[in-house]
Structure formats: C-alpha cells, structure tokens
Amino acid sequence: TQLLEQSPQFLSIQEGENLTVYCNSSSVFSSLQWYRQEPGEGPVLLVTVVTGGEVKKLKRLTFQFGDARKDSSLHITAAQPGDTGLYLCAGDIWTDKLIFGTGTRLQVFP
Amino acid sequence: DAGVTQSPTHLIKTRGQQVTLRCSPKSGHDTVSWYQQALGQGPQFIFQYYEEEERQRGNFPDRFSGHQFPNYSSELNVNALLLGDSALYLCASSLGYMTGGDEQYFGPGTRLTVT
C-alpha cells in the first residue's frame, strides 16, 4: 500500500522557472523528510519537517509541512540545471521506518 | 566525518545464488536500516537493526536477512535470488530507535543485478 503520493511524477522546465512538488497522504506523520537523488547514488537529505504548518527554507528551496501533518510541498524558485534529479518525500509514523513516495523526476534545461 | 559507506558498489549474480551486502553507518550513528529501490520507484523499507537485533521489518520474505555487528556495521543477506531482486540496495543510518523524526542518512547503494 502506497501511503505517500507525489505529484507530478515528471517535470521538465526551463532554467529560471518556478515549480512546486506535492506529497500527499491520508496518514499523519511524525515527521517528513525530503531527499534528492542523482542516478546511481543514494538519496541525499535536504530537510526534515516535524511541526504542522512548519516552513523551512534552503536557499531557493522552500519546504512546507501541512497543518495536519498529512502533506508537504517543495517549492523551487528560479530553477537551475543543477536542481535536476529525483525528489523524494519520505514520512515517518513514529517508527523510524521511512515510507517513501514514488518520487518526482525534475529536469531543468539551460 | 565519514558518511555511510556500502560495498560492493555493483554486483552481478545468477538466479538461485546468495548475496551479502555490507554497510558502515555514519560516525556516531547506532541504527541501520536497509531499503530496496527498484528502477523508477521510491525506496522500500526492508528492515532495521538496533543493538544488534532486527527491530522492524517491512513486507519482504524470509529470504532477506541481516545482521548488525557490535561496531554498528551491518550486512544484508539475500538467499535464493530471483530476477525480481535486481535493484539498488540502500543502507541508511540514524541515531536512536523509535524516537521519531530521526534523520536518516543514506549510503551510495549497491546495484544488484540478477541474471
């Protein structure tokens, strides 16, 4: 059972555009993490959000945890080719066992 | 500060064979989790080790087993390999157990191909 739905699955944009990736669930999570993964490598942790309504910024990336802790979003401002990769959200239901979404594959063209 | 390391990086095995993958956690971490990532999908949780015991398990058959050593490193063993076991196997380490919200750091993975 896939508890975390990510959308869109694929995103292809030009450098300088803005984008938002969504991560939705019917389950409540104790925390939610966002990762970026390059081909052939392991996921790299970008951010962890814990509190409902929490907003975290990492340079041009803005992460938000829904008030009910069931959903999250990742917004990238002025995307660059270096942002290209697979973006994964992963939720923790108080078990330290991460449940991953299916991922959003982002391609940013120069 | 050494991150999570895994070996080997690539492995090719034949159906029916057995394989052992290895993981050393990030310095200071005591919990190791293993994930399987099929092509084009998100990682799926296999199991987690803490204090040398399997503490949690995902929906994987008994052919998948593991071990954690006193130095916190871990092994993943897969018996009677099937073609469907071909995947990227990821090890993640964290500090503590069942505390919720612990950040997990992933290794580069082992790419297993079963022919």
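Residues numbered from 1 in each chain as written. Chains lettered and ligands numbered in written order. Predicted model: local features only at pLDDT ≥ 70, side-chain atom pairs only at ≥ 80, totals over all residues. Heavy atoms only, no water.

1. So, the interface of chain B and chain A
Reasoning step 1: Across the contact, 25 residues belong to chain B and 23 residues belong to chain A.
Reasoning step 2: Between chain B and chain A the total buried area reaches about 1700 Å² when both faces are included, carbon and sulfur atoms providing 50% of it.
Reasoning step 3: Looking at which element gives the most residues to the side of chain B that touches chain A, the answer is strand 5 (residues 44–50) of chain B, with three residues.
Reasoning step 4: Classifying every residue of the side of chain B that touches chain A by side-chain character gives ten nonpolar, 13 polar and two charged. (Contact = heavy atoms within 4.5 Å. Buried area = accessible area lost by both parts, 1.4 Å probe. Helix = DSSP H or I, 4+ residues; strand = E, 2+ residues; numbered from the N terminus. Nonpolar A, V, L, I, M, F, W, Y, C, P; charged D, E, K, R; others polar.)

2. Considering the pattern of salt bridges
Residues and elements named next belong to chain A.
Reasoning step 1: By the definition in use, this model includes seven salt bridges over all chains.
Reasoning step 2: A salt bridge links E54 to K56, with the shortest nitrogen-to-oxygen separation between them at 3.8 Å.
Reasoning step 3: Overall, the relative accessible area of 19% leaves E54 in the buried class.
Reasoning step 4: Residue class for K56 comes out partly exposed when judged on its relative accessible area of 31%. (Salt bridge = Lys/Arg side-chain N within 4 Å of Asp/Glu carboxyl O. Buried < 20%, exposed > 50% of the residue type's maximum accessible area, 1.4 Å probe, protein only.)

3. Considering the packing of aromatic side chains
Reasoning step 1: Taken as a whole and judged by the stated rule, the model has nine aromatic pairs over all chains.
Reasoning step 2: Ring centres of Y35 of chain A and F100 of chain A lie 5.7 Å apart, and the angle between their planes is 40°; on these two criteria the pair is classed as tilted. With Y35 of chain A in strand 4 (residues 31–37) and F100 of chain A in strand 10 (residues 98–100), the pair connects residues that are 65 residues apart, well separated along the chain. Both residues of the pair, Y35 of chain A and F100 of chain A, count as buried.
Reasoning step 3: Between Y35 of chain B and F45 of chain B, the aromatic rings sit 5.6 Å apart at their centres with planes inclined by 70°, giving edge-to-face as the arrangement. Here Y35 of chain B, found in strand 4 (residues 31–37), pairs with F45 of chain B, found in strand 5; they are ten residues apart in sequence, far enough to count as distant. Here the two residues Y35 of chain B and F45 of chain B agree in accessibility, since each one is buried.
Reasoning step 4: For the cation-ring pair, K26 of chain B lies above Y105 of chain B, with the distance from its terminal atom to the ring centre recorded as 5.4 Å. (Phe/Tyr/Trp six-rings, centres within 6.5 Å; stacked < 30°, edge-to-face > 60°. Lys NZ or Arg CZ within 6 Å of the ring centre and 35° of its normal.)

4. So, the sheet that holds strand 8 (residues 71–76) of chain A
Strand pairing within a sheet occurs via backbone hydrogen bonds; the two strands may be parallel or antiparallel.
All names here are of chain A.
Reasoning step 1: Reading across from one edge, 1-3-8-7-6 is the order of the five strands in this open sheet, with antiparallel pairing throughout. This sheet does not close on itself; its edge strands, each paired only once, are strand 1 (5–7) and strand 6 (55–58). Each strand of the sheet is rotated relative to its neighbour by a mean of 15°, with strand direction disregarded.
Reasoning step 2: Of the pairings in the sheet, the one linking strand 3 (residues 19–24) to strand 8 comprises six bridges and is antiparallel in character. The partner of L19 across the bridge, within strand 8, is I76. (Pairing = 2+ DSSP bridges. Axes fitted to C-alpha atoms, helices over the stretch in contact; angles between N-to-C directions.)

5. Quick word on the state of the cysteines
Residues and elements named next belong to chain A.
Reasoning step 1: If you walk through the whole model with that rule in mind, you get two disulfides over all chains.
Reasoning step 2: Here C23 engages in a disulfide with C89; their sulfurs sit 2.0 Å apart. Residues C23 and C89 are joined by a disulfide whose S-S torsion is about 75°; by sign, that bridge is right-handed. Here the residue C23 occupies a position in strand 3, and C89 occupies one in strand 9 (residues 85–92), the gap between them amounting to 66 residues. (Disulfide = S-S within 2.5 Å.)

6. Details of the sheet that holds strand 8 (residues 74–78) of chain B
Residues and elements named next belong to chain B.
Reasoning step 1: Taken together, four strands build an open sheet; the order of strands is 1-3-8-7 and the sheet is antiparallel. What marks the edges here is a single partner per strand, and that holds for strand 1 (5–7) and strand 7 (64–68). Strand-to-strand, the axes of this sheet are offset by a mean angle of 20°, without reference to chain direction.

7. A word on the side chain of R63 of chain B
All names here are of chain B.
Reasoning step 1: Take R63: it is sitting in the loop between strand 6 (53–57) and strand 7.
Reasoning step 2: At 3.0 Å, the side chain of R63 forms a polar contact with the backbone oxygen of N79.
Reasoning step 3: In this view, R63 contacts N77, V78, N79, A80, L81, L82 and D85; residues no more than four positions away in its chain are not counted. (Polar contact = N/O pair within 3.5 Å; in protein donor to acceptor, adjacent residues only side chain to side chain.)

8. Observations concerning unusual backbone geometry
Reasoning step 1: Geometrically, the link from S7 of chain A to P8 of chain A is a cis peptide bond, its omega value of -10° lying close to zero.
Reasoning step 2: With respect to the helices and strands, the residue P8 of chain A is situated in the loop between strand 1 and strand 2 (10–14).
Reasoning step 3: In this model, S7 of chain B is joined to P8 of chain B through a cis peptide bond whose omega is -10°.
Reasoning step 4: In this fold, P8 of chain B is placed in the loop between strand 1 and strand 2 (10–13).
Reasoning step 5: Positive phi values are uncommon outside glycine, yet K59 of chain A reaches one of about 55°.
Reasoning step 6: Relative to the helices and strands, K59 of chain A is located in the loop between strand 6 and strand 7 (61–65).

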